[in-house]
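Residues per chain, in single letters:
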Amino acid sequence: MEAQSSDIEAQSSSLFEQVKHPVTLKFHEVVYTINIEKQGWLKKKNKESIEKQILKGVTGMVSPGEMLAMLGPSGSGKTTLLTALGGRLGGKLGGTISYNDKPFNSVMKRNTGFVTQDDVLYPHLTVTETLVFTALLRLPKSLTKQQKVEQAEAVITQLGLTRCKTSIIGDALVRGISGGERKRVSIGQEMLINPSLLFLDEPTSGLDSTTAQRIVSTLWELTRGGRTIVMTIHQPSSKLFYLFHKVLLLSEGNPLFFGNGPEIMDYFQSIGFSPSVAMNPADFLLDLANGISPDESSQENQNEVKQKLVFAYKSNLDENLKAETLDAEIQHKDVSDHKKSDRWSTTWVQQFMILLRRGLKERRHESFEVLKIAQVTVIALLCGLLWWQSDTDHIQDQSGLLFFYTGFWGFFPLFQAIFTFPQEREMLAKERSSGMYKLSSYFLSRTIGDLPMELVLPTMFCILTYWMAGLKPDAGSFLYALFSILLSVLVSQGLGLALGAIVMDLKSATVLGSVIMLSFTLAGGYYVQNVPPFISWIKYVSISQHTYKLLLGSQYEKDQTYQCGNQTCLVADYPAIKSIGLGGQVISLGALLIMLVFYRVIAYVALMKIGVPKK
Ligand SMILES: Nc1ncnc2c1ncn2[C@@H]1O[C@H](COP(=O)(O)OP(=O)(O)OP(=O)(O)O)[C@@H](O)[C@H]1O
């Protein structure tokens with residue numbers, strides 16, 4: 001048994017250290033342009049836009065075993081270039097980028113790690129949970145679950161996270177691990193797949209120099225396994241600077257230098273720029289990229305210095321680099337020619353189950369949120385007392401209670417669901433862009449995971465109020481009413497999911513949601529019965545109206561009467577019921593079922609664009 005486990009360990013660590021398919025990355029004359037719309041006080045009919053070139057012809061090459069640092073002032077285009085090289089930039093991207101002389105494809109995508117500047121992690125999972133779930137989702141089917149877990153453990157050890165492996169990640173509200181540890185977890189998530197190519201956006205930003213040194217040294221170690229590493233970095237210390245095999249210096253999208261790290265100072269010296277005092281090479285280079293000449297007596301202004309440096313690059317380095325990367329000029333036809341099944345590391349069912357478990361763990365603190373249960377219980381008890389043992393003779397009260405059901409169980413699930421996707425947007429974008437799972441498995445796991453709790457609360461509410469308020473006491477009527485409320489919950493939830501997914505901004509989605517739900521409620525047939533024809537169509541799409549109809553159907557028969565003063569009146573003639581009618585239950589049921597599916601399809605379609613580079 002012990003021998004077997006040490007075998008697995010050996011396999012895992014060798015997988016960790018050596019890459020199977022080393023990658024040579026070449027980029028040739030990369031140009032990136034964006035359109036910026038002119039902002040004015042008055043909106044013009046034909047919006048004017050100006051083109052802005054973010055990258056102005058950047059060329060270079062990184063071989064397996066090399067680490068490239070991209071330096072430059074803020075806004076010089078480092079992140080844009082990194083995103084382009086990582087195959088995640090859509091839009092007007094010119095030039096060519098090749099990976100072993102092939103364009104980016106789905107297999108390459110799975111072989112590439114990309115660590116974004118902001119750490120996108122679930123705050124309530126522990127370090128181990130985070131890495132184990134990532135391992136289960138990203139490692140190939142050929143490994144057993146045990147091997148995947150061990151791979152995660154190996155990464156934890158390798159990145160020095162053992163001490164905090166049981167701590168939660170945390171965020172601004174919940175105290176968790178430190179910034180440096182969080183960054184290492186993000187790197188670890190990418191390391192798990194043993195990528196041949198690793199991109200990192202500012203992996204040291206906001207960290208003290210010792211932690212930064214530790215992270216870059218770890219990355220340097222990784223290159224020894226034949227990895228190709230590309231990172232943007234702001235201001236590395238001199239000690240860090242000399243760890244980089246290759247350096248690219250950018251200024252306003254123009255390359256000022258690309259070549260071997262140790263040669264950079266000699267190059268600038270050869271074109272007449274050398275530091276007047278001993279200084280950190282990175283500081284010197286950033287000054288240059290900002291157009292600040294080391295020669296204080298120089299009369300040139302910043303733009304002239306920059307132009308001089310761009311010209312020097314073009315005459316000294318550009319031609320050679322272009323010749324070296326010329327074979328990057330490959331056909332840009334899509335070579336995602338690999339079998340479809342190769343695209344995913346795990347099967348749909350595995351993805352669904354892992355995502356479901358992860359979601360439940362991440363939201364375990366929410367699921368049994370005492371506050372939510374208390375809120376619903378208090379409102380239910382209040383309703384029960386206010387409508388205490390009301391009978392059919394108090395038809396106004398009873399129909400009021402039924403309409404309150406539709407309002408409360410329309411708004412409550414809608415606002416819960418609106419939060420779902422905007423909160424997960426960054427995570428979804430990160431994980432989908434690394435090809436971790438299918439959207440359908442994520443979507444289902446995310447919407448099914450919360451279902452039990454979302455159905456338990458209205459059920460509890462219905463049980464309490466129904467019997468306290470003395471509604472029709474037979475089991476059939478109760479179950480019909482409960483079914484109507486649960487259906488309304490699911491439909492409103494679908495609407496909330498769709499609004500959140502379309503708008504992706506909590507404030508706007510909440511405003512839009514309340515306007516829509518309010519119009520549905522107003523058109524629900526209780527408050528107003530004589531609706532003008534031009535607006536009466538709302539009732540057909542009103543969740544409240546259809547639910548109200550089903551609830552009325554659960555309580556009253558068509559020929560049922562009640563005592564109105566000294567007379568006997570037909571329930572069906574009571575104004576707040578007459579406009580809705582007691583017939584046509586099946587149509588309302590059908591309408592709600594259609595909405596149940598429709599809103600979810602809308603939400604799904606809206607999510608499809610996330611994590612996919614814009615064309
Ligand atoms: N989609 C966009 N819309 C408008 N401007 C953009 C867009 N993408 C990039 N830019 C602009 O392009 C320039 C380069 O941005 P980029 O994020 O690549 O710079 P950077 O060198 O990584 O900066 P930093 O070090 O501050 O992160 C910036 O001026 C930025 O405002």
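Residues numbered from 1 in each chain as written. Predicted model: local features only at pLDDT ≥ 70, side-chain atom pairs only at ≥ 80, totals over all residues. Heavy atoms only, no water.

(A) The arrangement of the sheet that holds strand E2 (residues 49-62) in detail. Taken in spatial order, the three strands of this open sheet run E2-E1-E4, and their pairing is antiparallel. Only two strands of the sheet have a single partner each, and these edge strands are E2 and strand E4 (92-99). In this sheet, adjacent strand axes meet at a mean angle of 15° when their direction is disregarded. Two elements, strand E1 (residues 25-37) and E2, share 11 bridges in a ladder whose sense is antiparallel. (Pairing = 2+ DSSP bridges. Helix = DSSP H or I, 4+ residues; strand = E, 2+ residues; numbered from the N terminus. Axes fitted to C-alpha atoms, helices over the stretch in contact; angles between N-to-C directions.)

(B) Spotlight on the packing of aromatic side chains. Following the criterion strictly, the structure yields 28 aromatic pairs and no others. Here Phe403 and Tyr548 contribute two aromatic rings whose centre-to-centre distance is 5.0 Å and whose plane-to-plane angle is 85°, an arrangement assigned as edge-to-face. Placement of the pair is Phe403 in helix H15 (residues 395-418) and Tyr548 in helix H22 (residues 543-555), with a sequence separation of 145 residues. Linked through ring pairs, Trp387, Phe404, Tyr405, Phe408, Trp409, Phe412 and Phe461 together constitute an aromatic cluster. (Phe/Tyr/Trp six-rings, centres within 6.5 Å; stacked < 30°, edge-to-face > 60°.)

(C) Quick peek at the state of the cysteines. All told, the structure shown has one disulfide when counted by the stated rule. Covalent S-S linkage joins Cys564 and Cys569, the inter-sulfur distance amounting to 1.5 Å. Taking the sign of the S-S torsion, 60° for the link of Cys564 and Cys569, the bridge is right-handed. Accessibility expressed as a relative area gives 21% for Cys564, which makes it partly exposed. Classification of Cys569 as buried rests on a relative accessible area of 18%. Lacking any disulfide linkage, Cys383 is separated from the closest cysteine sulfur, that of Cys462, by 11 Å. The class of Cys383 is buried, set by a relative accessible area of 4%. (Disulfide = S-S within 2.5 Å. Buried < 20%, exposed > 50% of the residue type's maximum accessible area, 1.4 Å probe, protein only.)

(D) Up close: the site of the ligand. The ligand sits among 13 residues. The nearest are Ser74, Gly75, Lys78, Thr79 and Thr80. Contact between the ligand and Gly75: an oxygen atom at 2.8 Å from a main-chain N or O atom of the residue. Elements that contribute at least two residues to the shell around the ligand include exactly E2 and helix H2 (78-85). Ranked by the residues each element gives to the shell around the ligand, the list is headed by H2, at three residues. Split into classes, the residues belonging to the shell around the ligand amount to three nonpolar, seven polar and three charged. (Near = heavy atom within 4 Å. Polar contact = N/O pair within 3.5 Å; in protein donor to acceptor, adjacent residues only side chain to side chain. Nonpolar A, V, L, I, M, F, W, Y, C, P; charged D, E, K, R; others polar.)

(E) Representation of unusual backbone geometry. In the Ramachandran plot, Glu202 falls in the positive-phi region, its phi being about 50° despite a non-glycine side chain. If you trace the backbone, Glu202 turns up in the loop between strand E6 (197-201) and helix H7 (209-223).

(F) Spatial organisation of the environment of Leu321. Within the secondary structure, Leu321 is located in helix H11 (residues 302-324). Take Leu321: its relative accessible area is 7%, and that puts it in the buried class. Distance in space between the C-alpha atoms of Leu321 and Phe258 is 8.3 Å, their sequence separation being 63 residues. Among residues more than four places away in sequence, those in contact with Leu321 are Thr59, Gly60, Phe258 and Tyr313. (Contact = heavy atoms within 4.5 Å.)

(G) Fine view of the packing of H15 against helix H20 (residues 506-522). Across the interface, H15 lies against H20 with an axial gap of 10 Å and an inter-helix angle of 165°. The angle between H15 and H20 places the two elements in the roughly antiparallel class. Considering only the axes of H15 and H20, their crossing is right-handed. For the pair formed by H15 and H20, the contact residues are Phe403, Gly410, Phe411, Leu414, Phe415 and Ile418 on the first element and Leu506, Ala509, Thr510, Gly513, Ser514, Met517, Leu518 and Thr521 on the second. When the residues that make up the contact of H15 with H20 are grouped by side-chain class, the tally is nine nonpolar, five polar and no charged. (Parallel < 35°, antiparallel > 145°, perpendicular 65-115°, else oblique. Left-handed = near helix turned anticlockwise from the far one by under 90°.)

(H) Structural context of the side chain of Lys246. Its location among the elements puts Lys246 in strand E8 (residues 246-251). Looking at Lys246, the relative accessible area reads 9%, which means it is buried. At a separation of 3.2 Å, a polar atom in the side chain of Lys246 contacts the main-chain carbonyl oxygen of Met61. Separated by 3.1 Å, the side chains of Lys246 and Glu66 make a polar contact. Filtering out sequence-adjacent residues up to four positions away, Lys246 remains in contact with Met61, Glu66, Met67, Leu68, Ala69, Phe258, Gly259, Asn260 and Gly261.

(I) Molecular detail of the UniProt feature "transmembrane region" (unreviewed entry) in the protein. In the numbering used here, UniProt assigns the "transmembrane region" (unreviewed entry) feature to residues 370-390, 402-422, 443-467, 479-502, 509-528 and 586-607. When the span residues 402-422 is considered, its composition is 95% helix and 0% strand, and the gap between its end C-alpha atoms is 32 Å. Its end C-alpha atoms 37 Å apart, residues 443-467 is made of 96% helix and 0% strand. (UniProt positions renumbered as here; feature names shortened; annotations may be inferred.)

(J) Examining a nonpolar patch on the surface more closely. On the surface, Leu518, Leu522, Tyr527, Val528, Val531, Phe534, Ile535, Trp537, Tyr540 and Val541 cluster together into a nonpolar patch covering about 1,000 Å² of accessible area. Mapped onto the fold, Phe534 is located in the loop between H20 and helix H21 (538-541). (Patch = residues over 30% accessible without salt bridge, like charges linked within 9 Å, V, L, I, M, F, W, Y side chains within 5 Å. Areas by Shrake-Rupley, 256 points an atom, 1.4 Å probe, with all protein chains shown as cover. Salt bridge = Lys/Arg side-chain N within 4 Å of Asp/Glu carboxyl O.)

(K) View of the sheet that holds E6. Taken together, the six strands give an open sheet; going across it, the order is E5-E6-E7-E3-E8-E9, and neighbouring strands pair in mixed fashion. Because the sheet does not close on itself, it has two edges, and the strands there are strand E5 (112-115) and strand E9 (254-260). Neighbour-to-neighbour, the strand axes of this sheet turn through a mean angle of 10°, independent of strand direction. Sheet topology places strand E3 (residues 67-71) next to E8; four bridges connect them, and they run parallel. Paired with Ala69 across the bridge in E8 is Val247. Strands E5 and E6 of the sheet are contacted by helix H6 (residues 179-191), whose axis makes an angle of about 165° with E5.

(L) Region of the structure containing the pattern of salt bridges. Enumeration over the complete set of coordinates arrives at 14 salt bridges. With its nearest N and O atoms 3.1 Å apart, the salt bridge here joins Asp119 to Lys183. Pair noted here: Asp119 is in the loop between E5 and helix H4 (127-138) and Lys183 is in helix H6, with a separation of 64 residues, a long-range link. Put simply, Glu221 and Arg224 hold a salt bridge, and the shortest N to O gap is 3.2 Å. Judged by its relative accessible area of 39%, Glu221 falls in the partly exposed class. Accessibility expressed as a relative area gives 57% for Arg224, which makes it exposed. Within the structure, one salt-bridge network assembled from shared partners comprises Glu29, Asp318 and Lys322.

(M) How the structure looks around the pairing of strand E11 (residues 567-570). Where strand E10 (residues 561-564) meets E11, four bridges bridge the pair, whose relative direction is antiparallel. Each bridged residue has a counterpart across the sheet, and for Cys564 the counterpart in E11 is Gln567. Following E10, the chain reverses through two residues before pairing antiparallel with E11; Gly565 in that reversal takes a positive phi of roughly 65°.

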